[in-house]
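# Structure assessment
Here is how the chains run, residue by residue.
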Amino acid sequence: MHEEKFYLIEGKKMTLMELARELESAAGGEFEDVRGSINRVVVKKPAPEQGFETFTITFKMKHTVDLIDAVVTTDNKKKNLEDYDFENNEFTVRLISYIRRDVPIKNESEL
């Protein structure tokens, strides 16, 4: 759906507001909250000395139940989630997923 546009954003360093604006532009809609919902991803890394942390930022689209998830990494490690400043510091966008949650009113085979 928006994969070609998302691909252009992946791999870039940006702030939370920059990411939100890029994703809104790519998806052709607005988010309910441009700060999104940020969750730390706890994974067993093959090389913990790499010194990065992984997060998922979820944005909810206005006027629909669709979501956009962005997996991002930071270059530094902090102890607590609230110690990260996503609004002013840059992070690297690794993967973007559009999650379509709309359900057709009728069965698609009837359309």
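Our structure is the block above this text.
Residues numbered from 1 in each chain as written. Predicted model: local features only at pLDDT ≥ 70, side-chain atom pairs only at ≥ 80, totals over all residues. Heavy atoms only, no water.

## Considerations on the sheet that holds strand E3 (residues 53–60)
In spatial order, the strands read E1-E5-E4-E3-E2; together these 5 strands make up an open sheet with antiparallel pairing. Each of the sheet's edge strands pairs with one partner strand only, and the pair in question is strand E1 (13–14) and strand E2 (37–41). Direction of pairing for E3 relative to strand E4 (residues 67–74): antiparallel, over a ladder of 8 bridges. From the neighbouring strand, Ile57 faces E4, where its bridge partner is Ala70. Of the strands in this sheet, E1, E2, E3, E4 and strand E5 (91–99) touch helix H2 (residues 16–27), which is tilted by about 50 degrees from E3. (Pairing = 2+ DSSP bridges. Helix = DSSP H or I, 4+ residues; strand = E, 2+ residues; numbered from the N terminus. Contact = heavy atoms within 4.5 Å. Axes fitted to C-alpha atoms, helices over the stretch in contact; angles between N-to-C directions.)

## Overview of the nonpolar core
Of all hydrophobic cores here, the largest spans 23 residues; its most connected members are Leu19, Leu23 and Val72. Listed by contribution, the elements that provide at least two residues to this core are helix H1 (3–9), H2, E3, E4 and E5. For this core, the element with the most residues is H2, which contributes 6 residues. For Leu19, the residues in contact, after removing those within four places along its chain, are Ile9, Met14, Ile57, Phe59, Ala70, Val72, Phe91 and Val93. (Core = buried A, V, L, I, M, F, W, Y, C linked by side-chain atoms within 4.5 Å. Buried < 20%, exposed > 50% of the residue type's maximum accessible area, 1.4 Å probe, protein only.)

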